[in-house]
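Chain by chain, the residues:
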Number of protein chains: 2
Amino acid sequence: MPADHDTVNRRYTLAAHPRGLPAPQDFRLETTPVPTPADGQVLLRTLYLSLDPYMRNLMAEVGPGYADPVPLGAPMVGGTVSRVVASRHPKFAAGELVLANAGWQDYALSDGADLLPLGDMAQPSLALGGLGMPGFTAHVGLLDIGQPRPGETVVVAAATGAVGAVVGQIAKLKGARVVGIVGGADKRRYAVEELGFDACIDRRDPQFAQQLAAACPAGIDVYFENVGGAVFDAVLPRLNVGARVPVCGFIAHYNEAAAPAGPDRLPQLVATLLQKRIRMQGFIILDHYGERFEAFRREMGEWVAAGRVKLREDRVDGLEQAPEAFIGLLQGRNFGKLVVRVAQD
Amino acid sequence: MPADHDTVNRRYTLAAHPRGLPAPQDFRLETTPVPTPADGQVLLRTLYLSLDPYMRNLMAEVGPGYADPVPLGAPMVGGTVSRVVASRHPKFAAGELVLANAGWQDYALSDGADLLPLGDMAQPSLALGGLGMPGFTAHVGLLDIGQPRPGETVVVAAATGAVGAVVGQIAKLKGARVVGIVGGADKRRYAVEELGFDACIDRRDPQFAQQLAAACPAGIDVYFENVGGAVFDAVLPRLNVGARVPVCGFIAHYNEAAAPAGPDRLPQLVATLLQKRIRMQGFIILDHYGERFEAFRREMGEWVAAGRVKLREDRVDGLEQAPEAFIGLLQGRNFGKLVVRVAQD
């Protein structure tokens with residue numbers, strides 16, 4: 001077995017279940033020996049670690065149901081772009097670049113079942129973003145559930161984020177009018193000037209709800225829900241008859257320890273769904289890989305290669321930055337798809 | 001023009017917008033002269049008046065959006081089975097039986113556009129129930145949105161009502177396990193013994209939520225939502241991954257003047273939709289007539305004729321009973337489709 005790698009593995013484990021927004025001390029940086037692959041296994045070196053909002057749900061004591069929560073003391077999970085540094089698996093050779101689930105650590109073992117070869121991808125970290133899970137989430141949620149028609153108005157929040165930016169750009173490709181919602185003037189400018197959205201609104205503006213209404217003079221036909229909170233509240237009364245609301249995330253509420261104070265708006269939501277014949281549908285992207293991931297990769301790959309969909313990465317350097325970067329993500333401080341460069345390739 | 005009818009028309013107008021549950025004094029019984037049809041009009045004699053929960057929404061100052069509210073002083077609206085007593089319309093002859101929208105009154109004029117000839121139907125009041133709007137509501141909501149598969153569990157509330165009883169029976173025809181929810185032991189027995197539901201639970205039972213869970217050991221795949229309130233609360237945690245929730249009504253909340261006290265359960269609802277990939281979709285049956293009412297009538301007519309779907313009518317005699325009967329409907333006091341026999345035919 002080649003020894004051209006470190007002997008020490010750094011990793012972040014879950015030290016405590018967060019209450020509300022995670023704090024740095026909820027993560028513990030540990031070192032362990034780099035493991036040795038058994039027969040049928042590969043040893044992976046993490047190059048890029050993806051940080052995504054769903055990870056907050058896996059830090060809770062009770063998981064979200066679609067994936068197991070991280071046990072206390074176990075390494076934080078996460079998608080990675082990894083290099084095979086040693087292989088005792090017939091299908092993978094040392095040196096190969098793969099999409100993996102190595103988690104928040106330098107090295108990991110895999111039996112190969114969850115690995116996807118990335119070939120000689122020019123910018124492999126895109127496999128964690130627009131060409132990977134977040135892009136696929138945008139594609140499935142917008143096209144399969146949202147089903148925007150030309151001329152319809154599509155609203156997407158976190159509009160310069162990993163998912164939102166792709167949602168808006170695909171909606172534009174389909175002929176929709178696209179209104180983004182972001183936090184900050186720089187993101188606003190980027191959404192309109194670089195991504196080509198028709199309008200973009202700052203959710204921190206005191207006049208946010210009025211501005212949203214003004215930007216959607218014909219109402220809202222598709223709202224791609226990935227944040228919840230005040231954005232959802234402003235969108236709800238503007239939804240048109242027959243609107244579709246794919247629900248892919250609800251970040252504003254991930255850190256809530258209990259149901260917020262009243263009044264109870266559940267009846268009002270259901271009454272709105274009824275009166276406006278709205279379809280609201282949650283989806284978890286894990287369900288859809290078998291059925292259409294390859295079709296997505298082909299189409300999105302063409303769009304990205306042709307410059308029709310632009311992908312922006314927010315890259316932090318060093319595994320030790322992961323907790324702070326992740327906490328910032330939950331606060332909307334990232335600008336583009338958040339990835340950690342764990343190792344220079 | 002034949003004069004074989006009364007000269008005085010009795011009608012109920014909207015006297016006041018109700019606060020909460022309507023009271024008898026929100027309706028005013030008036031008499032007017034029976035009108036005379038102009039060229040192109042028919043004069044209709046009401047035989048049966050349908051009473052339906054949606055009417056509560058039309059009594060509010062601000063309508064529900066899908067139909068105009070009833071102005072103060074105007075006659076209450078409602079579907080009717082009517083006899084043409086005088087016609088100056090080329091397509092309708094005196095003596096013909098029609099489905100109409102004559103409202104809460106003895107006589108009404110129509111220009112024919114909203115009339116549907118009923119021919120020599122054996123029990124014409126069924127055109128207001130299982131063979132009409134409520135049956136169509138059940139058919140569209142269950143089959144187009146709920147899409148039950150054989151072996152799945154379907155839950156329906158108001159399960160002996162005009163819509164619920166048809167939902168449950170169609171679900172049985174499609175091979176689903178059906179659990180009804182009703183108020184009262186007589187209705188429970190009827191749902192199981194007469195309608196063939198697999199189980200039926202009394203929503204007034206203190207152990208209601210536990211009983212629902214016990215009756216749905218494999219969870220709930222389709223919940224046909226027509227009541228809201230405590231029933232919805234008990235159903236929500238039992239919904240399976242991939243469940244469908246057609247929303248056709250929300251009676252428990254129709255009489256609410258304001259949002260109920262907290263906590264605010266809206267975030268919990270949306271989080272549940274997400275985690276369980278649930279589709280929740282409101283529909284208004286008026287949208288669907290053009291597209292598939294004839295197909296429904298054919299199929300449901302066959303089922304009813306063959307005894308595969310049983311229809312139960314709760315008939316009150318006399319227009320003067322309409323307000324009390326309607327108030328009872330909103331409290332769940334009816335047992336079967338509520339119709340008022342306004343005139344002996």
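Bear in mind the structure is a predicted one, so any value in this text is a computation, not a measurement.

### Digging into the state of the cysteines
Then, in step 1: In total, this model carries zero disulfides over all chains according to the counting rule given.
Then, in step 2: C200(B) supplies the cysteine sulfur nearest to C216(B), a cysteine that is in no disulfide, at a spacing of 11 Å.

### Observations concerning the domain arrangement of chain A
All names here are of chain A.
Then, in step 1: By the assigned domains, chain A splits into domain 1 (8-129 + 312-341) and domain 2 (133-285).
Then, in step 2: Computed from C-alpha atoms alone, the centre-to-centre distance between domain 1 and domain 2 is 28 Å.
Then, in step 3: Facing 21 residues of domain 1, the contacting portion of domain 2 comprises 13 residues.
Then, in step 4: Summing both sides of the interface, domain 1 and domain 2 together bury roughly 1,500 Å²; the carbon and sulfur share of this comes to 59%.
Then, in step 5: Per-residue buried area on domain 1 facing domain 2 is highest for Y66, G129 and F335; these three make up 29% of the total on that side.
Then, in step 6: At the boundary of domain 1 with domain 2, the tally comes to zero salt bridges.
Then, in step 7: Between the two partners, domain 1 and domain 2, sit four residue pairs in polar contact (both at pLDDT 80 or more).

### Focus: the sheet that holds strand β13 (residues 279-282) of chain A
Strand-to-strand pairing in sheets goes through backbone hydrogen bonds, with the strands running parallel or antiparallel.
Then, in step 1: The mixed open sheet is built from twelve strands, whose spatial order is β10(A)-β9(A)-β8(A)-β11(A)-β12(A)-β13(A)-β13(B)-β12(B)-β11(B)-β8(B)-β9(B)-β10(B). A strand with exactly one partner marks an edge of an open sheet, and here the two such strands are β10 (199-202) of chain A together with β10 (199-202) of chain B. Adjacent strand axes in the sheet meet at a mean angle of 15° when their direction is disregarded.
Then, in step 2: Along the sheet, helix α3 (residues 164-173) of chain B makes contact with β8 (153-157), β9 (177-182) and β11 (220-224) of chain B, crossing β8(B) at roughly 170°.
Then, in step 3: Strands in contact with helix α7 (residues 266-275) of chain B are β12 (239-247) and β13 of chain A together with β13 (279-282) of chain B; relative to β13(A), the strand with the most contacts, it is inclined by about 60°.

### What to know about the packing of aromatic side chains
Residue and element names in this part refer to chain B.
Then, in step 1: Scanning the entire structure with this criterion turns up 24 aromatic pairs over all chains.
Then, in step 2: Centre to centre, the rings of F136 and F296 are 5.2 Å apart; their planes meet at 40°, and the pair counts as tilted. Here F136, found in helix α2 (residues 133-146), pairs with F296, found in helix α8 (residues 289-305); they are 160 residues apart in sequence, far enough to count as distant.
Then, in step 3: Consider the rings of F293 and F296, whose centres lie 5.6 Å apart with planes at 40°: the pair is tilted. In this pair, F293 and F296 are both assigned in helix α8, three residues apart and thus about one turn of the helix distant. Note on accessibility: F293 and F296 belong to one class, buried.
Then, in step 4: Seen from the ring of Y190, R312 lies directly overhead, with NZ or CZ sitting 4.9 Å from the centre.
Then, in step 5: The ring centre of F335 lies 3.5 Å from the NZ or CZ of R312, which sits over that ring.

Cut-offs and rules
- Residues numbered from 1 in each chain as written.
- Chains lettered and ligands numbered in written order.
- Predicted model: local features only at pLDDT ≥ 70, side-chain atom pairs only at ≥ 80, totals over all residues.
- Heavy atoms only, no water.
- Disulfide = S-S within 2.5 Å.
- Domains from an automatic or database assignment.
- Contact = heavy atoms within 4.5 Å.
- Buried area = accessible area lost by both parts, 1.4 Å probe.
- Salt bridge = Lys/Arg side-chain N within 4 Å of Asp/Glu carboxyl O.
- Polar contact = N/O pair within 3.5 Å; in protein donor to acceptor, adjacent residues only side chain to side chain.
- Pairing = 2+ DSSP bridges.
- Helix = DSSP H or I, 4+ residues; strand = E, 2+ residues; numbered from the N terminus.
- Axes fitted to C-alpha atoms, helices over the stretch in contact; angles between N-to-C directions.
- Phe/Tyr/Trp six-rings, centres within 6.5 Å; stacked < 30°, edge-to-face > 60°.
- Buried < 20%, exposed > 50% of the residue type's maximum accessible area, 1.4 Å probe, protein only.
- Lys NZ or Arg CZ within 6 Å of the ring centre and 35° of its normal.

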